[in-house]
Amino acid sequence: MRTKRRYIAFDVIGQGRLTRGEVIDSLVGSHLSFVGERDYSVSSPWLISFDEGSQRGIVRTNLDGLHQLRASMALINEVRGKRVIFRTLGLSGTIRSCEDRFIKK
Amino acid sequence: MGREFVDLLTFPERGGGGNGTSGLVTIGTELNYSTIGVCLSRNQAKRIKLSNPKLELVPVASRGGGGDAIRFASGRKARKAASNASVDFVIPDCRDAVAGRFAAENDIPVAYPYVEILENRGVRRSSIIRDWRLMHRRLSKGGCREFVVSGARDPYLLRDPMDVASLAHSCLHIPYEEAMDWISIVPSSIIDTAKGRES
């Protein structure tokens, strides 16, 4: 059976701008530390896109680990000395609708 | 109509850096909060304008101070305050089962400040989550009202209300809808009670 996936649109509010690499590092680090290796596989997060100009991006997750990933993103406090807030803009079932509703706005 | 999100406890003037309350208003508005409780001393409250077109700031004061403000007690003082119902909400030490029992008996809501989870990592963070879970188990048996506050000392410790609900849902295994009530309906009812007392 196919796994149900969700796409989380997010933006970064903060004192400095983050690069795609910093976003990946902080997401993976925070999620691994919050849920551990076993539950990391439940959500299997994957950064689909991140626009360094607008500081908006989309991350894919399995439906079962959706809330855990959102919680992990909320727990990111600081990235390389820069104070940041990862804010969820919305959720969607497809990349296209996620981009249309939250990223291209 | 959508929900109105409330964060009932912040300490904007404790963080330093000078942009405490104004930064709180900017980021609080961006995160879609409708009301934020600010804990200020009497002198600070005189200096700061608490009305704002986009975001309502309500004064919150620890036990014994603040006049018309929403009153709370935390730590060791929470047990006594919960036993004589002299405050609007308490933040007891999560290992203090007696304070939790008094809060349940006197229908005093109990708040969980998520800043503790944000600022700690590893073993300390997991201990806090465990304490929250034990506290929640005790309180839910007694039918006590519970809710989440930020306890933020600077604006960058605020989080999007729905992300906070996800955090409460993940940490305490409560239904997501109930977690949403913890950041909207429960704190709103506390504000309404306090306003009723004033009038």
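Cut-offs and rules
- Residues numbered from 1 in each chain as written.
- Chains lettered and ligands numbered in written order.
- Predicted model: local features only at pLDDT ≥ 70, side-chain atom pairs only at ≥ 80, totals over all residues.
- Helix = DSSP H or I, 4+ residues; strand = E, 2+ residues; numbered from the N terminus.
- Rg over C-alpha atoms; globule rule 2.2 N^0.38 Å.
- Buried ≥ 20, exposed ≤ 12 C-beta atoms within 10 Å, placed from the backbone.
- Contact = placed C-beta atoms within 7 Å.
- Pairing = 2+ DSSP bridges.
- Nonpolar A, V, L, I, M, F, W, Y, C, P; charged D, E, K, R; others polar.
- Core = buried A, V, L, I, M, F, W, Y, C linked by C-beta atoms within 7 Å.
- pLDDT = per-residue confidence, 0-100.
- Right-handed = clockwise from strand over helix to strand, strands pointing away.
- Expected span 1.5 Å × (residues − 1).
- Arc of directions from axis to C-beta.

Chemist: I tried to follow the overall build of chain A on my own but got confused; where do I start?
Modeler: What chain A contains, in helices and strands, is three helices and five strands. Put simply, chain A runs from its N terminus to its C terminus through helices and strands in the order β-α-β-β-α-β-β-α. In summary, chain A has a C-alpha radius of gyration of 13 Å against a globular reference of 13 Å for 105 residues, a match within 12%. With the principal axes as the frame, chain A shows a C-alpha extent of 45 × 35 × 20 Å. Taken over 105 residues, chain A has a buried fraction of 39%. For chain A, the proportion of contacts with a sequence separation of at least 24, taken over those separated by at least 6, is 69%.

Chemist: In this structure, what is going on with the sheet that holds strand β4 (residues 78-79) of chain A? I would like to understand it.
Modeler: Within a sheet, each strand pairs with its neighbour through backbone hydrogen bonds, oriented either parallel or antiparallel. Residues and elements named next belong to chain A. Pairing in this open sheet of five strands is antiparallel, and the strands run β2-β3-β1-β5-β4 from one edge to the other. In this open sheet, the two strands that pair with only one neighbour each are β2 (46-51) and β4. Across seven bridges, the pairing between strand β1 (residues 5-14) and strand β3 (residues 56-62) is antiparallel. Of the residues in β3, the one forming a bridge with I8 is V59.

Chemist: Looking at this structure, how should I read the interface of chain A and chain B?
Modeler: Often, the extent of an interface is quoted as the loss of accessible area on bringing the components together. In this assembly, 14 residues from chain A lie in contact with 17 residues from chain B. Listing elements by their share of the side of chain A that touches chain B, those giving two or more residues are α2 (66-74) and β5 (82-92) of chain A. For the side of chain A that touches chain B, the leading source of residues is α2 of chain A, giving six residues. Residue composition of the side of chain A that touches chain B, grouped by class: six nonpolar, five polar and three charged.

Chemist: I keep staring at the nonpolar core and nothing clicks. Help me out?
Modeler: As a rule of thumb, soluble globular proteins bury nonpolar side chains together. Residues and elements named next belong to chain B. Counting residues in each nonpolar core, the largest one holds 87 residues, and the members touching the most others are V60, F72, V90, A111, V148 and A168. It is helix α7 (residues 161-172) that contributes the most residues to this core, seven residues altogether. In contact with V90, not counting residues within four places along its chain, are F72, A73, S74, A78, A81, A82, A99, A103, I108 and V110.

Chemist: Just checking my understanding: could you explain the confidence of the model for chain B for this structure?
Modeler: The predicted coordinates should not be examined in detail at positions where pLDDT is low. Here chain B averages 87 in pLDDT, while 87% of its residues score no lower than 70. Predicted complex metrics record ipTM = 0.94 and pTM = 0.92.

Chemist: I would appreciate a short explanation of the pairing of β3 of chain A in the present structure.
Modeler: Two faces make up the sheet, and in a regular strand the side chains alternate between them. Residues and elements named next belong to chain A. Burial runs high along β3: five of the seven residues are buried. Pairing between β2 and β3: five bridges, direction antiparallel. Directly across from S49, in β3, lies its bridge partner I58. Counted along the chain from β2 to the antiparallel partner β3, the turn is four residues long, and its residue Q55 has a positive phi close to 60 degrees.

Chemist: What is the right way to look at helix α1 (residues 20-30) of chain B in this model?
Modeler: An α-helix turns once every 3.6 residues. As a result, residues three or four positions apart point the same way. Regarding α1 of chain B, the residues found buried are G20, T21, L24, V25, I27 and G28 of chain B. Against β1 of chain A together with β1 (5-10) and β2 (33-39) of chain B lie the buried residues of α1 of chain B. Just downstream of α1 of chain B lies N32 of chain B, where phi reads positive at about 70 degrees.

Chemist: Looking at this structure, I do not really get the pairing of strand β5 (residues 89-92) of chain B. What am I missing?
Modeler: All names here are of chain B. The side-chain alternation of β5 yields two buried faces, one formed by F89 and I91 and the other by V90 and P92. Where strand β4 (residues 70-75) meets β5, four bridges bridge the pair, whose relative direction is parallel. Opposite F72, over in β5, you have F89 as the bridge partner. In terms of handedness, the path from β4 via helix α3 (residues 77-83) over to β5 forms a crossover that is right-handed.

Chemist: Even after reading the chapter, I still don't get helix α6 (residues 122-141) of chain B, so can you show me in this structure?
Modeler: All names here are of chain B. Its 20 residues place the ends of α6 29 Å apart at the C-alpha level, agreeing with the 28 Å of an ideal helix rising 1.5 Å per residue. Along α6, the positions that sit buried rather than exposed are W132, M135, H136 and L139. Considered in projection along α6, the buried side chains sweep an arc of 105 degrees and stay on one side of the axis. Away from the buried face of α6 by more than 90 degrees, exposed residues G122, V123, R130, R137 and K141 are located. As for α6, its buried residues are in contact with α4 (97-105), β6 (110-113), β7 (146-149) and α7. Of the residues one or two after α6, G143 is the one with positive phi, at around 70 degrees.

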